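This is what each chain is made of:
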Amino acid sequence: MDCKKAKNDITLYLYGELDEEDRAALQQHLQECRSCAEELDYTKKVFKLLDEHQPAPAHEPNWESSWQRIQSGISRTPAKDKALLFPRWRWVYAGSAIAAILVIGIIIGKYWLAPSPQPIQTKSPTTISPAALPPTLSSHLEDLKPLLLEYAHYTPGAQGTKTLAVDEKIVRGLLLQNLLLKRILAEKDPAAAELLDDLDLVLKEIANQPSQGRQAPALIKDLINQRGILFKMEILKTL
Amino acid sequence: MAQGGDTGAFRALFEDNRQQVFSLAYHYLKNPEDAEDVLQETFIKAYHSLHRYNPDKGASFRGWLNRICVNACIDALRKSKVRDAYSLDAQEAANVHANPHHSNPEKTAQNKEIREKIDQVLDKLSPKQRMIFVLRHYQEYTTREIADYLNSSEGNIKKQLFRAIEILKKRLKRFILEDGYGL
């Protein structure tokens, strides 16, 4: 190992980013090279100096007023904001919009206006989308399935007060993922969006349960069953 | 889609990530008001760009948000809104307030001088280099994560990090030699 590489590796070593092989090579080099050993010592001192003279911790902002400002920011029309933020991209947006309209036209012509190759095949009338599941939706449904099954198979304990342990962070993550997919699929795939609406309701019910003791899994079970959510998910997957 | 439901979910997202976004912006900009502006800008941009977030690409939501925050911070610094606005005296006062045991005036003056020097050196780095250093040293993100946030290669990030560290080591030598800075 040459001294230039050793010098760089010292930084990575102090940040814990050196793999075992490079670490062993550096240690070997440090035993043989006094100058690099001193460099390690000096770098440690500089890091210590930096750590001891960090900016003082800031007082937390008023989160509520920050949120109020964010809310007013997100209620403005995004198009207006984008134009203000990125005026030079306006023509790119316009070009993209035209291209998108053309692509949508081609897709409509190809799939919806063309005669069906299998006219006998019957499909549920519905609400279910003929398009293949976007990968994000399929993985989202896979993520949700264990949680929904747990609620769907819920049976109250002898006391009738049995609760289901749910990780609030995971539910919030699923809720957010659901929200994102709803935004993505709202116009592209109304059937999937409808299912995501149902899932939104269920997830909110789960998320809004008090974290201690008073969960109402029976109500959530009813919601899942009444809306046929698991059935819709299965059908959507098989199409 | 019910707007109320959306903002409800988005608020949960805000609550989960606000501290981390604010901390990054504050370490980079060193001014709480500017950090708060970046916090708000980050979440507003995130909301309007939600359709671009694809969890299947492997990026966590937090990582995606960091990427927006990083760019908002660099923009803020480039516009020079904050570069010169930072008041060292105010910072020093905050430090003294935060640490009442710092009653030694000589030590306080020396700390002020060191912080001033560190700030001067960081100001001399390019906005991107400074961001790489802040993300690696203070926020403890890996160079791989930083490469993702800055849309760059890991090799390039490491190269810039080495340069930033080299500059800091060179410019802070006097303090290390004077004080010994024993470990």
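Residues numbered from 1 in each chain as written. Chains lettered and ligands numbered in written order. Predicted model: local features only at pLDDT ≥ 70, side-chain atom pairs only at ≥ 80, totals over all residues.

Can you tell me about the interface of chain A and chain B, naming the residues and giving the values?
A common way to report how large an interface is uses the accessible area buried once the components associate. Residue-level contacts link 44 residues of chain A with 54 residues of chain B. In terms of residue count, helix 8 (residues 168–185) of chain A provides more of the side of chain A that touches chain B than any other element does, 9 residues in total. (Contact = placed C-beta atoms within 7 Å. Helix = DSSP H or I, 4+ residues; strand = E, 2+ residues; numbered from the N terminus.)

How would you summarise the confidence of the model for chain A if you had to cite specific residues and measurements?
When pLDDT is low, close inspection of the predicted coordinates is not appropriate. Per-residue confidence for chain A gives a mean pLDDT of 75; residues scoring 70 or more make up 68%. Every residue in residues 115–131 of chain A is under pLDDT 50, and counting partners more than four places away or in other chains gives 13 contacts. (pLDDT = per-residue confidence, 0-100.)

Give me the lowdown on the nonpolar core, citing residues and values where you can.
Residues Ala25(B), Leu29(B), Val38(B), Cys69(B), Cys73(B) and Ile132(B) are the most contacted members of the largest nonpolar core, which totals 66 residues. Per-element tally for this core: the top contributor is helix 1 (residues 3–29) of chain B, with 11 residues. Once you skip the residues sitting within four places of it in the chain, Cys69(B) turns out to touch Val21(B), Leu24(B), Ala25(B), Val38(B) and Thr42(B). Core analysis: the next-biggest nonpolar cluster, separate from the first, contains 6 residues, Ala6(A), Leu30(A), Cys36(A) and Leu40(A) among them. (Core = buried A, V, L, I, M, F, W, Y, C linked by C-beta atoms within 7 Å. Buried ≥ 20, exposed ≤ 12 C-beta atoms within 10 Å, placed from the backbone.)

Break down unusual backbone geometry for me, citing the residues and quoting the values.
Most peptide bonds take the trans form, and the phi angle of most residues other than glycine is negative. Residues and elements named next belong to chain B. The backbone phi angle of Lys 30 is positive, close to 60 degrees, even though this residue is not glycine. Mapped onto the fold, Lys 30 is located in the loop between helix 1 and helix 2 (32–48). We classify Lys 30 as buried; it has 25 C-beta atoms within 10 Å. Of note, Glu 140 is a non-glycine position whose phi angle comes to about 60 degrees, a positive value. By the secondary structure assignment, Glu 140 is in the loop between helix 6 (127–138) and helix 7 (143–149). The exposure class assigned to Glu 140 is exposed, which follows from the 10 C-beta atoms found within 10 Å.

Could you give an account of the packing of helix 2 of chain B against helix 3 (residues 61–78) of chain B, with specific residues and numbers?
Residues and elements named next belong to chain B. Running from N to C, helix 2 and helix 3 cross one another at 130 degrees; their axes reach a closest spacing of 9 Å. Here helix 3 runs oblique to helix 2, going by the angle between their axes. Helix 3 is crossed by helix 2, and the crossing has right-handed handedness. On helix 3, the residues touching Asp 34, Val 38, Glu 41, Thr 42, Lys 45 and Ala 46 of helix 2 are Leu 65, Ile 68, Cys 69, Ala 72, Cys 73 and Ala 76. (Axes fitted to C-alpha atoms, helices over the stretch in contact; angles between N-to-C directions. Parallel < 35°, antiparallel > 145°, perpendicular 65-115°, else oblique. Left-handed = near helix turned anticlockwise from the far one by under 90°.)

Which residues make up helix 3 (residues 34–52) of chain A, and what values do they have?
Counted at 1.5 Å a residue, the expected span for helix 3 of chain A with its 19 residues is 27 Å, and the 27 Å between its end C-alpha atoms agrees. Regarding helix 3 of chain A, the residues found buried are Cys36(A), Leu40(A), Lys45(A) and Val46(A). (Expected span 1.5 Å × (residues − 1).)

Can you explain the confidence of the model for chain B? Please cite residues and give values.
Residue and element names in this part refer to chain B. Looking at chain B, the pLDDT average stands at 80 and 78% of residues meet or exceed 70. Here helix 4 (residues 88–98) is the element of chain B with the lowest mean pLDDT, 46, and helix 8 (residues 154–171) is the one with the highest, 95. This stretch, residues 1–5, has a pLDDT under 50; its non-local contacts, to residues over four places away or in other chains, come to 4 contacts. Ignoring residues within four places in sequence, the model shows residues 85–94, a span with pLDDT below 50, making 12 contacts including any to other chains.

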